[in-house]
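# A structural walkthrough
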Amino acid sequence: MPAPTPVADPVTTATREPEPDPLVTDDLLVEEISIDGMCGVY
Amino acid sequence: MLYHFNTRSLSFLKTPTLLSVLENLAAHDTARAACVAAGVPEPDVPLYQRALATLASSQMIVPVALPPEPRRTAQPVSPPAFGLRAGEETGPAGSHPVPLTERFEHGLNAPICLTWELTYACNLQCIHCLSSSGRRDPNELTTAECRTVIDTLQRMQVFYVNIGGGEPTVRPDFWELLDYATGHQVGVKFSTNGIKLDADAARRLAVSDYVDVQISLDGATEEVNDAIRGRGSYRTARAAMACLAAAGFRGFKVSVVVTRHNISQLDAFKQIADEHGAQLRLTRLRPSGRGADVWPELHPTSAQQRELYDWLVAHAEQVLTGDSFFHLSPYGPPLPGLNMCGAGRVVCLIDPVGDVYACPFAIHPDFLAGSVRQPGGFESVWRSSRLFSGLRQPQTGGACRSCGSYDSCRGGCMAAKFFTGLPLDGPDPECVRGHGEAALAAAGRTGAGALAPPRPAGDHSHRKVAVTIGRRPPVRGCDEDPLAGWSLGSGS
């Protein structure tokens, strides 16, 4: 018995969104870090 | 980039559109409306929603309806206690923004913060002083020159300055400069031994926005502290802490340089800080200034380094480190902070006479980038000096590159290597893998007949004046009194 041929879901295909801007494909648009003077001057 | 003065959190916005959203927030009823106004495509709104949630959780953005909070609490003040720097490039158009640490390694167009030693004058003679302070340099920057530097820092959008010395509060114009900086959007964190920090000064500081105070204490007991910082210094520091606590200054810092003799007192230091509503800040001893002479006897042993790392991991959320212990990161999970050397890339030093060095622990001609007194001032030095351009080039890692721990320690501290006579592209002298000790031996820096390492530049220590009977040798005022030429009032 032949394997079923995948068929695109017409609804999904019709509503597929355009490729996002490369700038916003990262998981996060913000990177946060704790900064404490960088050297510990005393 | 955004910087929150109280939480010390730095946020990097990876797209200019997010900055536009933030700028639109106050003018719109909802965050969604601000996104739309900034031109965020509808499919991307969830990404921006998540970004705004992150910024809200770190108090970078706060509801406008919140009433102003009293100072020195864990809550943000109103206006929000952050600085914002626009204009840092986010990378070529259409490319992925590079991670924050990678950006830092290539330098920024302005330092995040810098250390500014206002004076070499100091009432103390700490044996590990990184700047060999004691006597005032008669050529130190004038008040007008300091104001010009602050104007430059404001224009460059430097978030804050770490003011030190010497003892900065003995400058008669210290409070004036403090007010001038904070009035020009440059936050101030200053280190003091507490000599001028009385009840009046503490009350003044307690109501100051964008000012933080670090009281230096190098022993949890008088005996241990005064052996490093001099007789009476423990009581002076404790008195200053008491004044700050009584004035309601919450969260000031108790700043400790970790040595072989106080590492067993870490819990006691924390208890002292807790009792004053303060926060403990531990920093690494460097062989800089007078510290070059005592480093071999004072720096923690290998076993103590491991003990320190474990303690820091156990207290990560409660203790600050000045981001100075990244050489310990190969022991396990990295410590909080950037875990990299920021010298000449995101930090630097301005010394009392206006010379600009790569870092406060590298006061030596090899690390002199220029002077704020030269044409173009500090901005020109930061952006055009050959030294800083070189430090911002990709680092090879040298002998450390083949080490499996290089990615976590990045070769350690530049100044520690230099002043122990090690090559800058080799291991840190306190490398936890033991490569530093081997490198020191290979370079002939240990044992009998060891080669002398480079000496720190400029010794401002109090001089011991020889006195002969019947004839007193000529002396200058500043040879005997670090504050010679000043008439100090009691207003501080």
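Note that the structure is predicted; figures quoted are calculated from it, not measured. (Residues numbered from 1 in each chain as written. Chains lettered and ligands numbered in written order. Predicted model: local features only at pLDDT ≥ 70, side-chain atom pairs only at ≥ 80, totals over all residues.)

A few words now on the confidence of the model for chain B. Residues and elements named next belong to chain B. On average, residues of chain B score 89 in pLDDT, and 88% of them are at 70 or above. Considering only residues more than four positions removed or in separate chains, one finds that residues 69-82, a stretch of pLDDT under 50, has 32 contacts. Confidence drops under a pLDDT of 50 for residues 470-474, and excluding neighbours within four residues, the segment shows three contacts in the predicted structure. Two summary scores accompany this predicted model of the complex, namely pTM at 0.85 and ipTM at 0.75. (pLDDT = per-residue confidence, 0-100. Contact = placed C-beta atoms within 7 Å.)

A few words on the sheet that holds strand β12 (residues 355-357) of chain B. All names here are of chain B. Pairing is mixed across the open sheet formed by 10 strands, whose spatial order is β10-β9-β8-β7-β6-β5-β4-β11-β12-β13. Looking at strand neighbours, the two that pair on one side only are β10 (319-320) and β13 (368-371), the edges of this open sheet. When strand β4 (residues 113-117) meets strand β5 (residues 160-164), the two strands line up parallel, connected through five bridges. Residue pairing across strands places W116 opposite I163, the latter belonging to β5. (Pairing = 2+ DSSP bridges. Helix = DSSP H or I, 4+ residues; strand = E, 2+ residues; numbered from the N terminus.)

Time to look at the interface of chain A and chain B. Bring the parts together and some accessible area is lost; that lost area is often taken as the interface size. Counting residues at the interface gives 21 residues for chain A, matched by 49 residues for chain B. Pairing of strand β1 (residues 30-34) of chain A with strand β2 (residues 9-13) of chain B involves five bridges; the strand directions are antiparallel. Across the sheet, V30(A) pairs through a bridge with L13(B), a residue of β2(B).

Turning our attention to helix α8 (residues 222-229) of chain B. Residues and elements named next belong to chain B. For α8, the complete set of buried residues consists of N225, I228 and R229. For α8, the buried positions fall inside an angular range of 80 degrees around the axis, keeping them on one side. The inward-facing, buried residues of α8 abut α9 (233-246). Note on α8: the residue one or two positions beyond its end, G230, has a positive phi of about 105 degrees. (Buried ≥ 20, exposed ≤ 12 C-beta atoms within 10 Å, placed from the backbone. Arc of directions from axis to C-beta.)

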